[in-house]
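# Structural characterization, general
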Amino acid sequence: MVLKNISLINYKNFEAQNFEFDTKINCFVGANGIGKTNVLDAIYHLSLGKSYFNPVATQNIKHEADFFVIDGTFERNNREERIICSLKRGSKKIIKRNSKAYDRISEHIGLLPLVIISPADRDLIVEGSETRRKFIDGVISQSDKTYLQNLINYNKVLSQRNSLLKYFAANQTFDSATLEVYDDQLTQYGTPIFEKRIAFIADFSPIFLEQHKAISGENESISLDYDSKLHTSDLSTLLQKNRQRDSTLQYTSVGIHKDDLNFKIEGRPIKKFGSQGQQKSYLIALKLAQFHFMKKLNNTTPILLLDDIFDKLDEHRVAHLIALVDNEKFGQLFISDTHAERTENVVKNTHQSYQIFKL
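We now turn to the structure provided with this report. Residue positions are given per chain, counting from 1 as you read along its sequence in written order. Residues qualify for local features only when their pLDDT is at least 70, as the model is predicted, and side-chain atom pairs are given and counted only at 80 or more; totals for whole chains, interfaces and linings, by contrast, use all residues. Side-chain metrics in this entry use all non-hydrogen atoms of the structure; hydrogen atoms and water are not considered.

## Here we look at the packing of helix H4 (residues 145–171) against helix H5 (residues 176–216)
Here an angle of 0 to 180 degrees is reported between the N-to-C directions of two axes, which are lines fitted to C-alpha atoms, with helices fitted over the stretch in contact. Secondary structure follows DSSP: runs of H or I at least 4 residues long count as helices, runs of E at least 2 residues long count as strands, and numbering of each begins at the N terminus. Contact geometry for H4 and H5: axes closest at 9 Å, N-to-C directions at 150°. Once H4 is placed against H5, the crossing between them reads as left-handed. On H5, the residues touching Tyr147, Asn150, Leu151, Asn153, Tyr154, Val157, Leu158, Gln160, Arg161, Leu164, Leu165 and Phe168 of H4 are Thr178, Leu179, Tyr182, Asp183, Gln185, Leu186, Tyr189, Gly190, Pro192, Ile193, Lys196 and Arg197. Gly falls in the polar group here, along with every residue not listed as nonpolar (Ala, Val, Leu, Ile, Met, Phe, Trp, Tyr, Cys, Pro) or charged (Asp, Glu, Lys, Arg). Its residues placed into classes, the contact of H4 with H5 shows 14 nonpolar, 6 polar and 4 charged. Handedness of each helix crossing follows the sense of rotation of the near helix against the far helix: counterclockwise by less than a right angle gives left-handed, clockwise gives right-handed. The contact definition used throughout considers only heavy atoms, calling two residues in contact when any of these lie within 4.5 Å.

## Comments concerning the sheet that holds strand E2 (residues 14–20)
Paired strands, as defined in this entry, are two strands with at least two bridges between them according to DSSP. Ordered in space as E2-E1-E4-E5-E6-E7, the 6 strands form an open sheet in which the pairing is antiparallel. Either end of the sheet is taken by a strand with one partner, and the two such strands are E2 and strand E7 (100–101). The pairing of strand E4 (residues 67–76) with strand E5 (residues 79–88) spans 10 bridges and is antiparallel. Counted as the bridge partner of Phe74 is Glu81 from E5. Each of strand E1 (2–11), E2, E4 and E5 touches helix H1 (residues 36–48); the most contacted strand, E1, lies at about 110° to it.

## Comments concerning the sheet that holds strand E9 (residues 222–227)
An order of E9-E10-E11 is seen for the 3 strands of this open sheet, with the pairing classed as antiparallel. If you trace the sheet from one side to the other, it starts and ends with E9 and strand E11 (268–269), each paired once. Pairing of E9 with strand E10 (residues 260–265) involves 6 bridges; the strand directions are antiparallel. By the bridge assignment, Asp227 is partnered in E10 with Asp260.

## What to know about the pairing of strand E13 (residues 333–337)
Using a 1.4 Å probe on the protein chains alone, a residue whose accessible area is under 20% of its type maximum counts as buried, one over 50% counts as exposed, and one in between counts as partly exposed. Across the 5 residues of E13, 5 count as buried, placing the element largely inside the fold. Neither face of E13 is exposed, since Leu333, Ile335 and Asp337 on one face and Phe334 and Ser336 on the opposite face are all buried. Inspection of the sheet shows strand E3 (residues 25–29) paired to E13 by 5 bridges, in the parallel sense. Looking across to E13, one finds that Cys27 is bridged to Ile335. As paired strands, strand E12 (residues 303–307) and E13 are joined by 4 bridges and run parallel to one another. Directly across from Leu304, in E13, lies its bridge partner Leu333.

## Concerning the packing of aromatic side chains
Think of it this way: a Phe, Tyr or Trp ring, Trp meaning its six-membered ring, pairs with another when their centres are within 6.5 Å, and the plane angle makes it stacked under 30 degrees, edge-to-face over 60, tilted otherwise. Counted by the stated rule, this structure contains 21 aromatic pairs. With 5.0 Å between their ring centres and 65° between their planes, Tyr44 and Tyr52 make a pair best called edge-to-face. Ring geometry for Phe194 versus Tyr226: centroids 5.9 Å apart, planes at 40°, classification tilted. On the criterion of sequence distance, the pair formed by Phe194 in helix H5 and Tyr226 in strand E9 is long-range, its members being 32 residues apart. Its relative accessible area of 10% is what places Phe194 among the buried residues. Among the aromatic side chains, those forming a connected cluster through ring pairs are Phe14, Phe19, Phe21, Phe28, Phe334 and Phe357. Definition used: whenever NZ (Lys) or CZ (Arg) falls within 6 Å of the ring centre and also within 35 degrees of the ring normal, the charge is taken to sit over that ring. Its end group placed over the ring of Phe273, Arg268 keeps NZ or CZ at 4.1 Å from the ring centre.

## A short note on H4
Here the expected span of a helix is defined as 1.5 Å times the quantity of residues minus one. Here H4 contains 27 residues, and its C-alpha end-to-end distance of 39 Å stays within 8% of the 39 Å for a straight helix at 1.5 Å per residue. Here H4 starts with a cap whose side-chain oxygen sits 3.1 Å from the backbone nitrogen of Thr146, and that cap is Asp144. Within two residues after H4, Gln172 carries a phi angle of roughly 50°, on the positive side. In protein, a polar contact means a hydrogen-donor-capable atom and an acceptor-capable atom, both N or O and within 3.5 Å, with residues adjacent in sequence counting only if both atoms are side-chain atoms; elsewhere, any N or O pair within 3.5 Å suffices.

## Observations concerning the pattern of salt bridges
We define a salt bridge as a contact between a side-chain nitrogen of Lys or Arg and a carboxyl oxygen of Asp or Glu at a distance within 4 Å. Within the structure shown, the criterion is met by 17 salt bridges. A salt bridge links Arg82 to Asp71, with the shortest nitrogen-to-oxygen separation between them at 2.4 Å. Taken as a pair, Arg82 in strand E5 and Asp71 in strand E4 lie far apart in primary sequence, 11 residues in all. Judged by relative accessible area, Arg82 falls into the partly exposed class, the value being 40%. Classification of Asp71 as buried rests on a relative accessible area of 15%. The salt bridge involving Asp121 is made with Lys287; its shortest N-O contact spans 3.0 Å. With a gap of 166 residues between them, Asp121 in the loop between strand E8 (114–117) and helix H2 (123–126) and Lys287 in helix H9 (residues 276–298) connect regions that are remote in the sequence. Comparing Asp121 with Lys287, the two get one shared label, buried. The network of salt bridges with common partners includes Arg161, Asp183, Arg243 and Asp246.

Listed below in structure tokens is the structure:
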């Protein structure tokens, strides 16, 4: 799968810009703040229907403009796919595939598989469990529409249950029968999510360990584990046992929305005990494993975005990444960097066709 071209109107710092891409490597170079990462984010936006860096949709509209439009043409399975993503202030975001608007943006997820490696990925280690759940949910959702729909339904019911708990507190009342209706629905949607996450980790971990060994060149003992209370109790029982506590807290304190991924090195949390280099190796291995996992499931080579990695990684890790890219297993690649000469020297060594855009 390749992205042939993209057009940006009022997207972040771009008023109007068009790009025609090489089928292998595309590099965006220029000073910090010039918009290199914004181009990569626009590509991500076309694939996933949202920004990777800014979840507030309207903040992706250029300052003082009323709307943005991202228009791109992909080639997938020998067929052109034209995707247009647009947002007007005060209106809902619209995504069109070949001139036809989706009824729900979730229907678009998985059509155009994509993986991004960025300095922002460090949030996976340093931030809370929600960030890591988003990672696992994002990987699975790009290849499993049932999972994505269960997740959407679960979150909708969760919001309704939390609103009910707040209503109980505000009105000094309690209705277990109504609460049980929501508990049944959370169990209906949450249980298959839990089971799918377990199966995912079982399939994903060997790929991850293989990638980490190749990157680090060392035999460090690392692990990736799924942490959930559902390992020891079913969701229905958990919800029932915690009703009184939830009533006091005014929110749902147990469920798959509280699960986490444990990142460990030598049996200890990498956040506290891993060096900066070890953390970087862990994250790159995680993202490259995501690439190979998605490629295997989708039978399509994902687009790979490398954001500002040359400034953030040492030469050993950059060299390894580029060596991987030189492998025919990889497809189209997009890179952002501050130094044009450095970038060109690196991509020349891949023996692949490339194009450099100086912004």
